[in-house]
Amino acid sequence: MCAHTQNAGEEPRMSTNKVVLITGTSSGIGLATAIAAARAGFRTVATLRDPARAGALREAAAEAGVELDVRALDVTDAASVASCVEGVLADHGRLDAVVNNAGAGHVGTIENGTVEDVRQVMEVNFFGVVQVTKAALPHLREVGGRVVTVSSVGGVIGQPFNEAYCAAKFAVEGFLESLAPVAGAVGVGVHVVEPGAVASEFVSNVGIDQERAVADAGPYGPALAGYLARTNEAFANAAQSPAEAAEVVLAALTEPRPAFRLQTSAAARGFAGVKLSDLDGSAVQRLTGAWIA
Ligand code: NAP
């Protein structure tokens, strides 16, 4: 577990009976976080953009013997975010924490893609976080609550063929690193959780046919093949489980003094650490350049 420090204005707290809203709970880290939060005693509002996809979530809740309040929320739709947060306040009377978990990967490079692709990636991964955080803040302020956001090691280190995704996660980290002392001044804790590889639906949800992507990548084909081979290997052999990542999200929700930035594994901590001590950027370029050499 990481070192923990307290953001300005935070008080130690118990989780029991507090209300947490989590985005993107149809699978992966969001689903595992919903179960872990409910087990820890939170009244857990598990949101999904399409409630018809709540089957796995409901099954996991039944297996764990916990109750969830399952609601619709699409982080890219302002009206959906506002009506969900209003509904939670109307029905539960309070909101103690949000977990910005919803996100989606993207593999590609700008010469072969479109600016619109990049905008879409920013909509889900960055503006979704902005939208949910803004809607929740007035209510979190009333109770001294927390904003916990699932970022990525990709929010610290730019990685080949992840230009749009890493740009969005960097934006998330810049937004929240800047917000943290301001929110702390009014009693709200702001924390980012940085997973490395997690064995969720994340890779399959990117939805690319790898062979075809390499064939269509023109002069970038060999580098893309190298990147995909390395990534496939990392996800096959070194990924942690969603439940392990969710434990760190839960710690950010419940520990008295969580740090601003929490990696979810030793591997993630080691990787992020390369950047954070790489003042001129050469160590990161050496490392990621070797992935595709
Ligand atoms: P996942 O299994 O693909 O889960 C992503 C979740 O986000 C799904 O529930 C998905 O819902 C939801 N989502 C996508 N677009 C949405 C939208 N517009 N509104 C609401 N929900 C939306 O992948 P995961 O690994 O658990 O990802 C969770 C978070 O961890 C993401 O922020 C991701 O960037 C981050 N992360 C993952 C990894 C990894 O290796 N897996 C590593 C670092 C960081 P649908 O079912 O509706 O698509």
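You'll find the structure just up there.
Quick caveat, the model's predicted, so the values are computed rather than measured.

A.B. asks: With reference to specific residues and values, describe the site of the ligand.
C.D. replies: In the vicinity of the ligand lie 30 residues, with Ser26, Arg49, Arg53, Tyr165 and Ser200 positioned nearest. The contact in question runs from an oxygen atom of the ligand to an N or O atom on the side chain of Ser27, over 2.7 Å. Within the side chain of Asp74, a nitrogen or oxygen atom sits 2.9 Å from a nitrogen atom of the ligand. Summarising the interface, the protein chains cover 96% of the accessible area of the ligand, which totals 890 Å² for the free molecule. At the level of elements, helix H1 (28-39), helix H5 (163-185) and helix H6 (202-206) are the ones that each hand at least two residues to the shell around the ligand. Split into classes, the residues belonging to the shell around the ligand amount to 12 nonpolar, 13 polar and five charged.

A.B. asks: Talk me through the packing of aromatic side chains; I want residue IDs and the actual numbers.
C.D. replies: Applying the stated criterion across every chain yields a total of five aromatic pairs. Three or more aromatic residues joined by ring pairs make a cluster, and in this case those are Phe126, Phe127 and Phe175. Looking at Arg230, its charged tip hangs above the ring of Trp291, at a distance of 3.8 Å from the centre.

A.B. asks: Give a description of the pairing of strand E5 (residues 146-150) that names residues and reports values.
C.D. replies: For E5, the buried fraction is high: five of the five residues fall into the buried class. Where burial is concerned, the two faces of E5 agree: the one with Arg146, Val148 and Val150 and the one with Val147 and Thr149 are both buried. Note on the crossover from strand E4 (residues 97-100) through helix H4 (residues 115-143) to E5: the handedness is right-handed. Here E5 runs beside strand E6 (residues 189-194); their pairing, made up of five bridges, is parallel. Each bridged residue has a counterpart across the sheet, and for Val148 the counterpart in E6 is His191. Remark: the E5/H5/E6 crossover connection has right-handed handedness.

A.B. asks: Tell me what's going on with the pattern of salt bridges, and back it up with residues and numbers.
C.D. replies: All told, the structure shown has eight salt bridges when counted by the stated rule. We note a salt bridge from Arg71 to Asp69, for which the minimum N-O separation is 2.9 Å. Look at Arg71 and you get buried, because its relative accessible area is 17%. The partner of Asp216 in a salt bridge is Arg212, with the nearest N and O atoms 3.6 Å apart. As far as the burial class goes, Asp216 and Arg212 line up, both exposed. Taken together, the shared-partner salt bridges in this structure form one network comprising Glu173, Glu177, Glu194 and Arg261.

Cut-offs used in this document
Residues numbered from 1 in each chain as written. Predicted model: local features only at pLDDT ≥ 70, side-chain atom pairs only at ≥ 80, totals over all residues. Heavy atoms only, no water. Near = heavy atom within 4 Å. Polar contact = N/O pair within 3.5 Å; in protein donor to acceptor, adjacent residues only side chain to side chain. Areas by Shrake-Rupley, 256 points an atom, 1.4 Å probe, with all protein chains shown as cover. Helix = DSSP H or I, 4+ residues; strand = E, 2+ residues; numbered from the N terminus. Nonpolar A, V, L, I, M, F, W, Y, C, P; charged D, E, K, R; others polar. Phe/Tyr/Trp six-rings, centres within 6.5 Å; stacked < 30°, edge-to-face > 60°. Lys NZ or Arg CZ within 6 Å of the ring centre and 35° of its normal. Buried < 20%, exposed > 50% of the residue type's maximum accessible area, 1.4 Å probe, protein only. Right-handed = clockwise from strand over helix to strand, strands pointing away. Pairing = 2+ DSSP bridges. Salt bridge = Lys/Arg side-chain N within 4 Å of Asp/Glu carboxyl O.

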